[in-house]
There are 4 protein chains.
Amino acid sequence: MTVQTRPLETPSATNTETFNVGILGASGYGGSGLLRRLQRHPNTEVVGIASRQYVGKPVTACWPQFDPQEFAEDLLFANGDEVVDSCDVLFSAAPHGSVSDLVAKAVRAGKTVIDLAADFRLPASDYKQWYGHDLSHPDVYAQSVYGLVELHREEIKGASFVANPGCNATAGALALLPLAAHGLLGKHTITNIVTGISGAGRSASMGTHFGELNENVIPYKVAGTHRHTAEIELSLGRARAFGKHAQTHTPSHAEVDRPVISFSPHLVPMTRGILASCYTHPETDVLASGERLTTENVLELYHQFYQNDPLITVQEALPTTKATYGSDRVVISVRVDERSGHIVAFAAEDNLGKGAAGQAVQNFNVMQGFDETLGLFTEAVYP
Amino acid sequence: MTVQTRPLETPSATNTETFNVGILGASGYGGSGLLRRLQRHPNTEVVGIASRQYVGKPVTACWPQFDPQEFAEDLLFANGDEVVDSCDVLFSAAPHGSVSDLVAKAVRAGKTVIDLAADFRLPASDYKQWYGHDLSHPDVYAQSVYGLVELHREEIKGASFVANPGCNATAGALALLPLAAHGLLGKHTITNIVTGISGAGRSASMGTHFGELNENVIPYKVAGTHRHTAEIELSLGRARAFGKHAQTHTPSHAEVDRPVISFSPHLVPMTRGILASCYTHPETDVLASGERLTTENVLELYHQFYQNDPLITVQEALPTTKATYGSDRVVISVRVDERSGHIVAFAAEDNLGKGAAGQAVQNFNVMQGFDETLGLFTEAVYP
Amino acid sequence: MTVQTRPLETPSATNTETFNVGILGASGYGGSGLLRRLQRHPNTEVVGIASRQYVGKPVTACWPQFDPQEFAEDLLFANGDEVVDSCDVLFSAAPHGSVSDLVAKAVRAGKTVIDLAADFRLPASDYKQWYGHDLSHPDVYAQSVYGLVELHREEIKGASFVANPGCNATAGALALLPLAAHGLLGKHTITNIVTGISGAGRSASMGTHFGELNENVIPYKVAGTHRHTAEIELSLGRARAFGKHAQTHTPSHAEVDRPVISFSPHLVPMTRGILASCYTHPETDVLASGERLTTENVLELYHQFYQNDPLITVQEALPTTKATYGSDRVVISVRVDERSGHIVAFAAEDNLGKGAAGQAVQNFNVMQGFDETLGLFTEAVYP
Amino acid sequence: MTVQTRPLETPSATNTETFNVGILGASGYGGSGLLRRLQRHPNTEVVGIASRQYVGKPVTACWPQFDPQEFAEDLLFANGDEVVDSCDVLFSAAPHGSVSDLVAKAVRAGKTVIDLAADFRLPASDYKQWYGHDLSHPDVYAQSVYGLVELHREEIKGASFVANPGCNATAGALALLPLAAHGLLGKHTITNIVTGISGAGRSASMGTHFGELNENVIPYKVAGTHRHTAEIELSLGRARAFGKHAQTHTPSHAEVDRPVISFSPHLVPMTRGILASCYTHPETDVLASGERLTTENVLELYHQFYQNDPLITVQEALPTTKATYGSDRVVISVRVDERSGHIVAFAAEDNLGKGAAGQAVQNFNVMQGFDETLGLFTEAVYP
C-alpha cells in the first residue's frame, strides 16, 4: 500500500492583516474554544465577547482556565448587539435559535460570519422537517456555505458566511465520505455514535449531572430521530453525486439524491470526544479498480481521499477519542468484515475541536486564504 | 398495548439443602462476584476458594470490599485441586484455558459445575475456528448445556454442567432473541457494544491503565473478529429455529442455520456495564399478526417473549447501564426507525452481574430447582 | 498486637413486628437509599413515599435501578402530609429546612422518626451560629437524640426521634473519636475531606455538571466554614468528656468543652465516597498505658474502641472509599508520623451509606432493638 | 487591597539560536510532555528520543496524540547513548535511578541538562535518608541547581544543569513559600495532596488499573513517608532563611534550618492534576506590617510574592485542578480560618505541566535567557 505524503500548504506569510473578531455565546463551551484559538491566532484580535449572563464582567469571571493577563483589561462581556457592531468577523456559538436575528443582521451588513448553531445548515424543507418550523431568514441561508471543509473547501474559499457543521454530523460524515464518493455505500447504513457530555453545553440539567452520567451509557434520540441525521445524509449524497472537491466542485446547496442512514447517539461518561462507528453493506465486492474489497484496499481509498486535508489522519490502527482530546484533528480508520460483508468505518474527534470551535476557525482560515491550521491544535493533550 | 404481568415464581420453600461450594479464580472480578452472591445465598456454603497468587491468605488479603467477620476464619485461598476435592458444587471463574482440566475432572467426578470461562461454550468446529485450537475435552463438552437461561431454561433444569455465556454474548443475544424468534432478523444485523473495563479482568496492562482509558473510547476486536460473535450467532440461530423455550424445547447443542452478524465492541471509561445497540433491517414490514412494524408493536413482542423471565425488564424507556450497576437484571427496549426501515434494539446489563457471576448463580438456581433469583441482586446501586 | 474479636449480636429472632414506613424526600439520593434498604428489611413495609415533583407516579418514574415488580402496584408518590399520616415510622430525607414542620408534626404525634436533614442536629446557639437562624422547633429538638450510633448507642435505644448525622460529620468524627476519648487530640486538629458529588443531591447546577467536575478537584466551604464543623466538634467534645458509650453513658445533648478543628472539604470526580484524612498533634508522646505513641499502639486503641461496632472495620491497611461503595461500613486506619509528631487518622465511607440512608436504618434498628445491621449492606460493590 | 500588575518580560527577540535537543524517557508521560512543548518551541529542534522499548520506531508507534506529519521522517526512537551524543541540550524524563549515569555523562561533557528524575535533587545526607542509598555522582550533584524557578530563578540563569522538582514538591512548596518567607509558618504544618494517576507513570500495575481507581480515593505513602517531603522542607527552609530571590539571592544548595511538615498524598480518579491543601498555625496573629492576619491581608502577601512569576496566578477564588489541565500554570489561593487560627493555602497544578515537562522547559528558558514561557501552555483545556 502506498501512502502518498500530503503536501502541507505553506503558511501564507503575505496576509498579515489583523481582523477584529466578535464572539456570540462566549460563555458556552463552544465560545471558550473560540477564545482559546483566536487569542493565539496571529491574524485575529478579539474585540468583543457576548453573554447575557456575564455582561460587564471579564473573561475570567466565567472561565477559570485562562491566565487573566492574556486578555486586554477592557475586554468585558457585552450584549450581542454591541459585539456585532464592533467586529469585522463574527463567530456565533450561541445556542440554536437564540441569535439567528443577530447573525442575519451581521451577514446582511456584509460582515464575515461563521455560525456554529444549526439555524443555517439545512435547506428550507429539511429544516422544517427536522426542526419543526420554517427557516428564520431564507435569504441569509441562501448566502451560506455548509462548512465541512473536506467536502466543500473550494466553495468556502472566498465565502463570507459559513454554517459550521454539527459535531455528530462532522464525525459521521467524515467516516463515510470516501465510501459515498466511491460507490461503496450500501442500502443499509448505520451510524452509531458515542459522545462525551460537553456537546450538551454548559447549562445544568439532570442529564448533565455527574452522579447520573458517571458509570453510565445513555442512548438518546436514537433510531433516526436526531437532527444531525439530515446533515450526514446531505453530505453523503453530495459526495456520492460529485465526489471529492479536489476532482470536481462539490456545491454545498446542491439538490441530490441522498442515502438514508440510521443514526443513534449515546452519552458515555466523558467530557470530550466523539467516536462514530459506521456500518454499511456495499452492493459490490470489488472496487472500481477491479481490486477486491479488503481492509487494505479500502484503507488506501481513504488515504487518497484525505491526502490533502491537514486535519484528517487516516491510519491503520483503530482511532481512539483520547488521541484527539483538546485538538482539532480527526482520526479515521476502516475495516472490511469479510464474514458479514460489511465495511466498518471509525472516526474520532474532539466534539469541541473539529466538532465545533476548531472547525469554525478552520473555516475562517479557508475563507481568508490563511494556512488552514492557523490557531488550531493539531496535537492532543495525552494522557 | 397490553403488558402481561409476569407470574413471579414462588421461592422453593421445600429445598433447604445446603451445598458445599468451591470457587476457582476467586481472586478475579468474576470470582469476587460469586463470593458476594454465594455468601448471602441461603442454600450455599463457600468451603473453598482457589487462587495461585493468594494461597494461604484470607479473602480480605485480596478483596477490600468484604467485612472480615463475614467469612469463616479458616476460609483461606487454596490450590485448585484442593478446592475441587472439597466441594459438591464448583463455580469456575478462572481465565479461559487456565483450568479446563480441573473443570473436566470435576464434571467427570459427577459434581455440579458452572464454568464462567469459554472452554465449553462452543461446538468443536466453532471452537477451532474462533479459538484456534481443538476443544480440550470433547466428552465433557458433550455433557454441557449453554447457560443462557432465557433461551434454554428447560434444558438447564436438572443439568449438572453449565457453560456460562460470555458477557457480550449475553447482552447481544438477549437484545435480539425476540426478533430472531419472530422472523424479524434481516440479512444485515449489527451488534455495536460499549463496555466498561472490568470485563478485561483484574490483571494490569496498558489497556487497563486509568490514564489511557479515562476520557477515551477504544474500539477493539471490531468487525466480526471478537470471539463472542459465535455465541451470539448460535443463540440467534437457535431462537430462529425453535423459538422461546416456553413454547418448545430449545436444545443448546442443536445444529441450526445461523444468521451472520457484524459485532464490534468498544471500551468506554467506566468500570461496569455493557450496552448493546443492535440494528437489523427485517425483510418484512408487517408482523405475523398482520400488524404494522411499529415501536409499540415490537415492544409488545418483547414484553411477551420475556414475560416469565425474572431478570429481564422490558420497558419503553431506553435502557441505561447505570440502572443495572451491581445488579443481575438486564433492561431491554426497542425502536423501529421508520425512515430507514431498521429495528434498533438495546440491552443494558452489568457485565459482572448477568454478564458473569449473576448469571452463574442464576444457572445454579435453575439447575437445583431453587427460586431463580436466590442470592441475586435485582436492584442496582444508583447513583 | 492483640485484636479482640467482636462478639456479633445475635439477630433478634423474637421481634417479628412489621412497621409501616413512610419516606419524605423519596425522589432524592438519600430517599432512594432508604427505599433500597427498607424494601429488603424483614420488619418494614414501605407504605408511603413523598415527593412534590412525582406525585401520583410510581417509583420507577423517578428511579431506574429498581425492578418494577418489587413494589406494590399502588405505591405511588404522594404529598408529605399524606405520607406522614399513613405511617408509623417516618424517615425524612428531604433537604434541610424543607420539611421541618412535617417532621415536628410527626414527632409530636408520637411517631418514630429518623430525620436525615440538619434541622434538629444542633443545640440552639450552634444552630443559630452555623445556619443563620433560630431552631424551628426547640421543643422537638429537645426530644431528639444525635444519631451517631457508635457514640450514643445507649441513648438511641428506646428513643423515638433521632437526628441522623451529616455525611462529613460521620466520617470526620469516627476517624477521631478514639483519640478524643484517650486524650490524644492536640490543640491543632485538621480534618481534610474529599468527597463524591452525590452528597450535593440530585438537583442540577453548574457544580454538579459532569463537564465541570470530571478531571477536577474543587475545594469548597473550606477553612472552617462548612456547617458540619459544629457536629464534628460536638462529637469530639462529648467523647473527650465521657468516653465510649460502652464504659459510660455519653449523652448526645450534653454541654461540654469542645476542641476546635479546621475542616476543609473538596469535591473529586466520583459519585459516592468520602475519605477523611485527619491530623492532630497530641500534647504527649506516651499513652495512658505508658506505651510509646506508635502506629501499632494507636491502632490497637482503635481496635478496642470499635470492637463492638458492627459497621466499623479498623484495619492496618489504609482505607479506600471503593471498599465501601454501596455499603454501610466505615473503614478506619491510623498512622503516627514520628518525624513531625502528628497522628494521622483516615476514615472511608459511602456518603450515601453510613453517611446517610445506611446510618438512618441503623438508627431505626437500634431504636427498635433489632439486629443493628438488618437491611444494611456490610459489603461493597467492587470493583 | 492593591494587586500589583506583573510586568511581563519581553520575549527575547535577539536570541534566535536553535538548540539540538535530546529526550531520554520519551516513551513516558513526562517525555511526551517534553515533545509536545519542544516541538512548538521556536528555538529547539528535537534530534533524538530515547526509549529502550521502542528503538527504531517512530513517535507515533508510541503516542497516538501527535499528527505524524509534524515529525521529521527520520526521527526514530534510539538508545540513550546515541541520543546523548547527538544533542546539545538533554532533557531526561526516564524513571528515577534508571539513567543517572547517562545524565552524569552529559553533564560532564558540558552539555546543558535538565533532569526530571530525583537523582540529583537532594543533598547527600537527605538523599541517603529518603532513597536508601548514596548519591550516585556527588560531583555532578554539586553542579546542579534545584529547578524551582520561583525560588531560585537567579541561580538558574546561566546554570548548565538543573534538577527539576518533583510534582508534589512543586505544588506543596509553592503553596507555602510566601508564608515561609514572611515568618508565618507555624510549628505544625500539614500538606494534604490529592493527585491524578499520571504521576505514577505509564507502566501498568494494579494501582493504575481503571477498575481499581475509578470511584476511589487511595491514600498512599502517608504521614511523612513520601520522598517529596524532603524537597518541600528544603524549599520552605530556604525561603524562610533567604526570602524571595528577587530581594536576595536564594541558593538552592544552602544548608538551612528546615521546618518539619507532615505530608500525605492521595490518589483520586483523574488522569492529571494536583491540589495541595496546606494547613499551618502561625505563632503570631499580626503580620510584619502590623496588620491583622486576615484572608485579605495574607492574599495580598501572596500577590506580592509572585508578582513577577509568569506561571503563577494568585487569586481570591479557590483554585481547581481543571483550571490547569494541560497547562503549565499554578493557581494559588489562601484562607485564614479565624476560628482555629490556621492559615489554609491551596495550590493547583497539572502534575505533567508545571509538575514535570512544563517546569523543565521553563527551566531551559531561564537557563538560556529566553522568555520564560516560550513553548509553554499558559491556558488549560477546559472543560
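Rules and cut-offs
Residues numbered from 1 in each chain as written. Chains lettered and ligands numbered in written order. Predicted model: local features only at pLDDT ≥ 70, side-chain atom pairs only at ≥ 80, totals over all residues. Heavy atoms only, no water. Helix = DSSP H or I, 4+ residues; strand = E, 2+ residues; numbered from the N terminus. Rg over C-alpha atoms; globule rule 2.2 N^0.38 Å. Buried < 20%, exposed > 50% of the residue type's maximum accessible area, 1.4 Å probe, protein only. Contact = heavy atoms within 4.5 Å. Areas by Shrake-Rupley, 256 points an atom, 1.4 Å probe, with all protein chains shown as cover. Lys, Arg positive; Asp, Glu negative; His and termini not counted. Charge placed at Lys NZ, Arg CZ, Asp CG, Glu CD. Salt bridge = Lys/Arg side-chain N within 4 Å of Asp/Glu carboxyl O. Least-squares fit on C-alpha atoms with pLDDT ≥ 70 in both. Pairing = 2+ DSSP bridges. Expected span 1.5 Å × (residues − 1). Bend = angle between axes of the 7 residues up to and from the residue. Axes fitted to C-alpha atoms, helices over the stretch in contact; angles between N-to-C directions. Buried area = accessible area lost by both parts, 1.4 Å probe. Disulfide = S-S within 2.5 Å. Polar contact = N/O pair within 3.5 Å; in protein donor to acceptor, adjacent residues only side chain to side chain. Parallel < 35°, antiparallel > 145°, perpendicular 65-115°, else oblique. Left-handed = near helix turned anticlockwise from the far one by under 90°. Nonpolar A, V, L, I, M, F, W, Y, C, P; charged D, E, K, R; others polar.

A. Looking closely at the overall build of chain A. Secondary structure summary: chain A contains twelve helices and 14 strands in total. The C-alpha atoms of chain A give a radius of gyration of 20 Å, which matches the 21 Å a tight globule of 383 residues would have. Residue burial in chain A is summarised as follows: out of 383 residues, 69% are buried. Taking all contacts inside chain A whose residues are at least 6 apart in sequence as the whole, residues at least 24 apart take part in 72%. Carbon and sulfur atoms make up 48% of the accessible area of chain A, which amounts to about 11900 Å² in all. On chain A, the mean spot of the 28 positive side-chain charges and the mean spot of the 41 negative ones are 3 Å from each other.

B. Summary view of the side chain of A:T191. Mapped onto the fold, A:T191 is located in strand 8 (residues 189-195). Ignoring any residue separated from it by four or fewer positions in sequence, one finds A:T191 in contact with A:G172, A:L176, A:I261, A:S262, A:F263, A:S264, A:S277 and A:C278.

C. The pattern of salt bridges, seen in detail. By the definition in use, this model includes 68 salt bridges over all chains. Among the ionic pairs, B:R339 bridges to A:E233, the shortest N-O distance being 2.6 Å. Here the residue B:R339 occupies a position in the loop between strand 13 (330-337) and strand 14 (342-349), and A:E233 occupies one in helix 10 (residues 228-242), the pair thus bridging two chains. Since its relative accessible area comes to 33%, B:R339 is described here as partly exposed. Given a relative accessible area of 4%, A:E233 falls into the buried group. The partner of C:D309 in a salt bridge is C:K244, with the nearest N and O atoms 2.5 Å apart. Separated by 65 residues along the polypeptide, C:D309 in the loop between helix 11 (295-305) and strand 12 (312-314) and C:K244 in the loop between helix 10 (228-242) and strand 10 (261-267) bring together distant segments of the chain. Residue C:K244 is classed as buried on the basis of its relative accessible area of 6%.

D. Here's a closer look at the relation of the copies chain B and chain A. Superposition record for chain B on chain A: RMSD 0.0 Å, screw rotation 180°, translation along axis 0.0 Å. What we have between these two chains is a two-fold relation. Among all residues of chain B, the minimum C-alpha distance to the rotation axis is found for B:P269, at 3.2 Å. Comparing interface residues between copies, 100% of those in chain B also sit at the interface in chain A, which points to an isologous, same-surface contact.

E. Local environment of the sheet that holds strand 5 (residues 112-115) of chain D. Residues and elements named next belong to chain D. The strand order 3-2-1-4-5-7-6 describes an open sheet built from seven strands, whose pairing is parallel. Looking at which strands have only one partner, the edges of the open sheet turn out to be strand 3 (77-78) and strand 6 (145-146). Of the pairings in the sheet, the one linking strand 1 (residues 19-24) to strand 2 (residues 44-50) comprises five bridges and is parallel in character. Bridging from a neighbouring strand, G22 pairs with G48 of strand 2.

F. Spotlight on helix 12 (residues 353-368) of chain C. All names here are of chain C. Over its 16 residues, helix 12 runs only 20 Å from end to end, short of the ideal 22 Å by more than 12%, given 1.5 Å per residue. Within helix 12, the axis deviates most sharply at Q359, by approximately 50°. Taking burial as the measure, the 16 residues of helix 12 include 15 buried ones, the bulk of the element. Just past helix 12, the residue G369 takes up positive phi, approximately 80°.

G. View of the pairing of strand 4 (residues 89-92) of chain A. Residue and element names in this part refer to chain A. By the alternation rule, side chains of strand 4 split into V89 and F91 and L90 and S92, which are all buried. Where strand 1 (residues 19-24) lies against strand 4, four bridges are found, and the strand directions are parallel. Bridged to L24 within strand 4 is S92.

H. Here's a closer look at the sheet that holds strand 12 (residues 312-314) of chain A. Residues and elements named next belong to chain A. Across the sheet, which stays open at both edges, the seven strands sit in the order 9-10-8-11-14-13-12 with mixed pairing between neighbours. Where the open sheet ends on each side, the last strands, each with one partner, are strand 9 (218-219) and strand 12. Lying over the sheet, helix 11 (residues 295-305) contacts strand 12, strand 13 (330-337) and strand 14 (342-349), oriented at roughly 150° with respect to strand 13.

I. Structural view of unusual backbone geometry. Residue B:Y382 is joined to B:P383 through a cis peptide bond whose omega torsion reads 0°. With respect to the secondary-structure elements, B:P383 resides in the segment after helix 12 (353-368). Of note, the phi angle at D:K221 is positive, near 45°, even though the residue is not glycine.

J. Up close: the interface of chain C and chain B. Between chain C and chain B, the contact holds 35 residues from the first and 35 residues from the second. At the boundary of chain C with chain B, total buried surface from both sides reaches about 3100 Å², with 47% on carbon and sulfur atoms. On the chain C side of the contact with chain B, C:E379, C:Y382 and C:P383 bury the most area, a combined 22% of that side's loss. Here chain C is connected to chain B by two salt bridges. A salt bridge links B:E379 to C:R36, with the shortest nitrogen-to-oxygen separation between them at 3.9 Å.

K. Representation of the relation of the copies chain C and chain B in the model. Each copy superposes on the other: chain C lies on chain B with an RMSD of 0.0 Å after a rotation of 180° and an axial shift of 0.0 Å. Of all interface residues in chain C, 100% are interface residues in chain B too; the two copies therefore contact each other through one and the same surface.

L. Local environment of the state of the cysteines. All names here are of chain B. Evaluation of the coordinates by the stated rule reveals zero disulfides over all chains. In this model C167 remains outside any disulfide bridge; the closest cysteine sulfur is found in C278, 14 Å from its own. Taking the relative accessible area as the measure of exposure, C167 reaches 16% and is therefore buried.

M. Representation of the environment of A:D328. Residue and element names in this part refer to chain A. Tracing the backbone through its elements, the reader meets D328 in the loop between strand 12 and strand 13. When the C-alpha atoms of D328 and A380 are compared, they prove to be 8.1 Å apart, with 52 residues separating the residues in sequence. Contacts of D328, omitting those with residues within four sequence positions, involve R37, L311, G353, K354, G358, L376 and F377. There is a polar contact of 2.8 Å between the side chain of D328 and the side chain of R37.

N. Quick peek at the packing of helix 1 (residues 29-38) of chain B against helix 12 of chain B. Residues and elements named next belong to chain B. As a packed pair, helix 1 and helix 12 sit with axes 9 Å apart at the nearest point and diverge in direction by 45°. If you check the angle between helix 1 and helix 12, you find them oblique. Relative to helix 12, helix 1 is oriented so that their crossing is right-handed. When helix 1 is examined against helix 12, the residues G30, G33, L34, R37 and L38 are found in contact with a partner set consisting of G353, A357, G358, A360 and V361. Residue classes in the contact of helix 1 with helix 12 are distributed as five nonpolar, four polar and one charged.

O. Main features of the interface of chain B and chain A. Contact with chain B, which involves 50 residues of that partner, is made by 50 residues of chain A. Interface of chain B and chain A: buried area, both sides summed, is about 4100 Å²; carbon and sulfur atoms make up 58% of it. Of all residues in chain B, the largest losses of buried area upon contact with chain A belong to B:H188, B:E215 and B:R339, amounting jointly to 18% of the total for that side. Inspection of the region where chain B meets chain A yields two salt bridges. Taken together, the links from chain B to chain A amount to 24 residue pairs in polar contact (both at pLDDT 80 or more). Of the residues assigned to the side of chain B that touches chain A, the class counts are 23 nonpolar, 19 polar and eight charged.

P. Local environment of the environment of C:V145. Residues and elements named next belong to chain C. Inspection of the secondary structure assignment puts V145 in strand 6 (residues 145-146). Distance in space between the C-alpha atoms of V145 and V366 is 12 Å, their sequence separation being 221 residues. Ignoring any residue separated from it by four or fewer positions in sequence, one finds V145 in contact with E155, I156, A159, F161, V162, A163 and S252.

Q. Focus on the pairing of strand 8 (residues 189-195) of chain B. Residue and element names in this part refer to chain B. Burial analysis of strand 8 places seven of its seven residues in the buried class, which makes it a mostly covered element. Here strand 8 shows a buried face lined by T189, T191, I193 and T195 and a second buried face lined by I190, N192 and V194. As paired elements, strand 8 and strand 10 (residues 261-267) share seven bridges and run parallel to each other. For I190, the partnering residue across the bridge sits in strand 10 and is S262. When strand 8 meets strand 11 (residues 274-280), the two strands line up antiparallel, connected through seven bridges. Bridge assignment links V194 to a residue of strand 11, and that residue is L275.

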